[in-house]
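Letter by letter, the chains look like this.
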Amino acid sequence: MNIAVCVKQVPDASDVKIDKATGTMVRDGVPSILNPFDAYAVEEAIALKEKHGGNVTALTMGPPQAAEVLRHVVAMGVDDVMLLSDRAFAGADTWATSYTLGLGLKRLDNLDLVICGKQAIDGDTAQVGPGVAVNLGLPFVAYVRKVIEVGGGKMKVERLIEDGYEVVEVELPAVITVVKEINSPRMPSLKGKMKAKKLEVAPLSAADLGAILENIGLPGSPTKVVKVFSPPPKGKRETLVGTPDEQVSALVDRLAGIKVI
Amino acid sequence: MGIIVKVDLCTGCESCVNECPFGAIEIKDDVAVIGDKCNLCGACVEACPVYAIEMTEEQAGAPAADLSAYQGLWIFAEQRVGKVAPVAYELLGEGRRLADALGTELSAVLMGAGLDAEAKALIEGGADRVYLVDDASLNEFHEDTYASVLSDLIEEYKPEIVLAGATSIGRAYIPMVATKVRTGLTADCTMLGVDLEKRMLLQTRPAFGGNIMATIVCPGHRPQMATIRPGVLKRAAADPARKGEVVKSVPRARLVSKSKLLEVIEEAGHSINISEAEVIVAGGRGMGGEKGFALLKDLADALGGVVGATRAAVDSGWMPYPHQIGQTGRTVSPKLYIACGISGAIQHLAGMQSSDVIVAINKDPNATIFNVADYGIVGDVFEVVPALIKKLRESRG
Amino acid sequence: MDYFLTDEQQEIRALARQIAEEKVKPVRAELDEKEEFPWEIMKTLAQADLFGLYIPEEYGGFGGGSFDNCLAIEELSKACIGVSVSFAASGLGAYPILLYGNDEQKKKYLPRIASGQSLAAFGLTEANAGSDAGGTATTAVLDGNEYILNGTKQWITNGGEAEIYSVIAMTNPSRGGRGASAFVVEKGTPGFSFGKKEKKMGIRSSATTELVFENCRIPKENLLGREGVGFMVAMRTLDKSRPGIGAQAVGLAAGALEESVNYARERRQFGSPIISFQAVQHMLADMATQTEAARALVYAVARYLDSDPKEISKASAMSKLFSSDVAMKVTVDAVQILGGYGYMREYPVEKMMRDAKILQIYEGTNQIQRNVIGAALIKEAAGKKA
């Protein structure tokens, strides 16, 4: 089973602190990590390979230093990597990112499955996985929480919905996005770490991919950020004091007053 | 491209470095240098005290076509088992306001067979027109068939704006539609507005786990598409007297999905949809264990709500994953959110801070959760919550 | 302190540390409380390739040595020595095969141990043969192409959980110490069973059981080396593994020191953090110095062993003796620094102190270590005169 995983390097949200005075994020010295949702995608890909044989390739689009996440996933057991890196890719929104990743994925022969994390924790859009599926012309299943079985050119999965889950069978090749519930990502292995240390990552440029310039980076991105601002201070921040009974009485009065209860 | 630093004016004061939400600016040789992480948000332009940073007006990307050919505001009315989801009516409420401001029509897209009554309800909820794609194969959701049906409709009727709920259905297939029709899409918006002059939809969404808000536009492509978080928009009151048109159609070609729905399983414990609950009582590490959550269930029952949990509580096995609220769980915005024994990690806040009213109960007066709370109670959850349950039961008689 | 580790050794340490932090620390109290064998963690260590650090590459290992193994053991021991002993004891079971096995035996067993697919265990101790291995009563009698084993081994780490056992038994009881031989016995062999899991003071997540042999027939090919070298196999195995106990001790002491420093910085009495008091600082200073001295000795001995010297018993015994005494003292002091909290199970130092005691007992009590060192001193002095 030949599997590709799309991964992204993101700032480590668990290290992000809020400056209490200004209400803004403190980003100084925040390390870059593998997007946590992508770790589930990588684990699932490696687990499927261990069960069915084949090969796992991880792709990322980003600046040259994004090679670091590729090393991380090689240490976990990914076989091959592909780094899509070119200044012309900068400023890509999800449309241009999906297009670019799609071009990278088309270079892989006999692909059976593409796995993406549900979303990246820096953008939280969850749009690249489905976008990639369209670029590849493949069927797509979102929010997979379990791969039940693979065989006969099909895959049976459980997909999370609001009030439970669905059992869906999809024809392969296909693209899926996975949620946290699906597995618990493995630790790196020593052999993987040594392989990652020696790994040389040759970036592929827009020209290497044969990308149409109007479809990549900033020019290829239909959406533009026009304004970024701190969220308005949330909450009245009224502290209710007294004994527990007094506190809950005050609370019930206020909630009833604004007709919430 | 897009943004320049005037080297002769820049004093290297670092004001822009501190202001940049993407950490894209560094000072090199006493001059600001904008790197690849730049998203052209313009925060640095405003921050610069010496006007050394300018946005260049160069419009990125050629407009897709004649933008004025696109007219009308659409909302996607998602249904499961023949029942339109509440978020569709919220979209109609806001859509009505936006359509009126833009002087255009509001239409709803509904897919599936046997939905005439639902189509009528959408008109009562504010739609001028309902595009009803009447095909039994659309009763079930499949990413590929839904995406092809909606893209075909968009190509045929050319709407100016398309809105959908940021639900598991909306977020799964709307990005496929935007990719197919080659337009922009903004995910999980919490606020919408319009720039009437440019007829641009101003789509505002939280980013970086809710630490910043970003307003996004789609200047050169149509339709302008966004998914909207359920619960943040206000639905309009239904008006049974409203008249509208139902345009029935069938798919262009026979729909064959490459996926097959074998089974739908509603899971015990979340037969009530946490994303659409009006009252959520959530617990964190401070609840100590399953016993603590049993207490929260009592409180939720007294309020007619459901129980949510932080990642820490789910990882400890006190609650199943479907109850998890936050960046790696569900995003919710109920009318009332009661956070019990929750410290307020930003990953959790990202999933709940758009709630209407937030109550926090925590013994640590410095817990971050109090910063986003409307009402804070510093105290032991095991004293306060039982007192609250008792009080609520008394007041109900 | 910088011990000038190679790139590989730094990776080993970083990986073991990550596993200790993320996989061991969160569950150590529960494993201790429930006396549950840490299979999940063993699987993680296997997946991470750590079981084969000291096994040659041709047998599926990493091709490193004792020092590499000690680095991994130390890091795991910072979190829990109940877990690290289960890891280290697999090495103890593997050494007889590594040291005395023929190529066929190595090919058969070592890859399974190196990959972590199977755990190994070492069966030497018996009810009446503890420090004095001469009391061994388990017998192995050759019958055609098979040896028949009878007898009971006691307090065997990884008993019941391991699949590959290196066992010492008497092939010629009349010859006493020279009548013992070493064998490999696989779990599942008819006549080979396990006694109940022992209830212990510490390292409670590890498995300690009896190995019971009742007319257990094993193929002749399972003999390691030749008949009569059994005690040599045991002594050389223990010489190799003792720095591992030293590394456990260093890790445990370092873990207790870290808990103590963290606590002393947070705990306030008389208006100040208690770390600002000299009484506490001096205790911490001694704990830190002793721990570092133990580490320096263990590292030096492990590196020395890896240079394949002829005589290693004395150095090996010293590394185990000194560092296990340090671990006992440092963990007792850690409980003292945490005071009443230290005595409570909610804080990890209580378990650390209980765990520490075994380090002075197993793989040769510290009294036996002193005997070994003493004997070496006599031998050296005698050698000089001659």
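Residues numbered from 1 in each chain as written. Chains lettered and ligands numbered in written order. Predicted model: local features only at pLDDT ≥ 70, side-chain atom pairs only at ≥ 80, totals over all residues. Heavy atoms only, no water.

(A) Molecular detail of the overall build of chain A. Tallying secondary structure elements over chain A gives seven helices and 14 strands in all. With the C-alpha coordinates of chain A rotated into their principal frame, the extents come out at 70 × 40 × 40 Å. Taking all 261 residues of chain A together, the buried fraction comes to 58%. Taking the intrachain contacts of chain A between residues at least 6 apart in sequence as the baseline, contacts between residues at least 24 apart amount to 69%. Accessible surface, chain A as shown: approximately 10,200 Å² in total, 51% of it carbon and sulfur. For chain A, the separation between the mean place of its 30 positive charges and that of its 32 negative charges on side chains is 3 Å. (Helix = DSSP H or I, 4+ residues; strand = E, 2+ residues; numbered from the N terminus. Buried < 20%, exposed > 50% of the residue type's maximum accessible area, 1.4 Å probe, protein only. Contact = heavy atoms within 4.5 Å. Areas by Shrake-Rupley, 256 points an atom, 1.4 Å probe, with all protein chains shown as cover. Lys, Arg positive; Asp, Glu negative; His and termini not counted. Charge placed at Lys NZ, Arg CZ, Asp CG, Glu CD.)

(B) Structural context of the sheet that holds strand β11 (residues 185-189) of chain B. Residue and element names in this part refer to chain B. Strand order in the open sheet formed by seven strands is β11-β15-β10-β5-β8-β9-β16, and the pairing between neighbours is parallel. The strands lining the two open edges of the sheet, one partner per strand, are β11 and β16 (245-249). Each adjacent strand pair in this sheet contributes to an overall mean axis angle of 20°, direction not counted. Pairing of strand β5 (residues 73-77) with strand β8 (residues 106-111) involves five bridges; the strand directions are parallel. Counted as the bridge partner of Phe76 is Val109 from β8. Here helix α3 (residues 86-102) sits on the sheet and contacts β5, β8, β10 (161-165) and β15 (224-228); the angle it forms with β5, its principal contact strand, is near 175°. Docked against the sheet, helix α4 (residues 116-124) engages β5, β8, β9 (129-133) and β16, running at close to 155° with respect to β9. (Pairing = 2+ DSSP bridges. Axes fitted to C-alpha atoms, helices over the stretch in contact; angles between N-to-C directions.)

(C) Representation of the interface of chain C and chain A. Opposite the 18 residues of chain C that make contact, chain A presents 12 residues. Roughly 1,300 Å² is buried in total at the junction of chain C and chain A, and carbon and sulfur atoms are behind 62% of that figure. Among the residues of chain C in contact with chain A, Glu11, Gln47 and Asp49 of chain C are the three that bury the most area, contributing 42% of the side total. Our enumeration of links across chain C and chain A arrives at two salt bridges. (Buried area = accessible area lost by both parts, 1.4 Å probe. Salt bridge = Lys/Arg side-chain N within 4 Å of Asp/Glu carboxyl O.)

(D) Summary view of the pairing of strand β2 (residues 139-143) of chain C. Residue and element names in this part refer to chain C. Direction of pairing for β2 relative to strand β3 (residues 146-157): antiparallel, over a ladder of five bridges. Bridge pairing links Leu142 to Tyr147 in β3. Counting the residues in the hairpin turn of β2 and β3 gives two residues, including Gly144, whose phi is positive at 65°.

(E) Local environment of the packing of helix α3 (residues 39-47) of chain C against helix α5 (residues 81-100) of chain C. All names here are of chain C. Viewed as axis vectors pointing N to C, α3 and α5 meet at an angle of 50°, and their least axial separation amounts to 11 Å. Viewed along their axes, α3 and α5 adopt a mutual orientation that is oblique. The handedness of the crossing between α3 and α5 is right-handed. Seen from α3, the contacting residues are Ile41, Met42 and Leu45; seen from α5, they are Val83, Ser86 and Phe87. Residue composition of the contact of α3 with α5, grouped by class: five nonpolar, one polar and no charged. (Parallel < 35°, antiparallel > 145°, perpendicular 65-115°, else oblique. Left-handed = near helix turned anticlockwise from the far one by under 90°. Nonpolar A, V, L, I, M, F, W, Y, C, P; charged D, E, K, R; others polar.)

(F) Broad picture of the confidence of the model for chain B. All names here are of chain B. Across chain B, pLDDT averages 89, with 95% of residues at or above 70. Contacts of residues 58-62 to residues separated by more than four positions or lying in other chains number 10 contacts, the stretch itself having pLDDT below 50. Interface confidence for the predicted complex, given as ipTM, is 0.90, next to a pTM of 0.82. (pLDDT = per-residue confidence, 0-100.)

(G) How the structure looks around the nonpolar core. Core analysis: the largest hydrophobic core is formed by 99 residues, its most contacted members being Met111 and Tyr173 of chain B. When we break this core down by domain, the ones giving at least three residues each are domain 2 (67-249) and domain 3 (277-396) of chain B. Membership of the second largest hydrophobic core comes to 86 residues, among which are Met187 of chain A together with Phe87, Phe183 and Met287 of chain C. (Core = buried A, V, L, I, M, F, W, Y, C linked by side-chain atoms within 4.5 Å. Domains from an automatic or database assignment.)

(H) Structural context of the interface of chain B and chain A. Taken residue by residue, the interface counts 101 residues in chain B and 84 residues in chain A. Between chain B and chain A we count four salt bridges in total. The salt bridge partner of Asp315 of chain B is Lys180 of chain A, with a shortest N-O separation of 3.1 Å. Connecting chain B to chain A are 36 residue pairs in polar contact (both at pLDDT 80 or more). In terms of residue class, the side of chain B that touches chain A is built from 47 nonpolar, 32 polar and 22 charged. With three bridges connecting them, strand β14 (residues 238-240) of chain A and strand β22 (residues 375-378) of chain B associate as parallel partners. Paired with Glu238 of chain A across the strands is Tyr375 of chain B, a residue of β22 of chain B. (Polar contact = N/O pair within 3.5 Å; in protein donor to acceptor, adjacent residues only side chain to side chain.)

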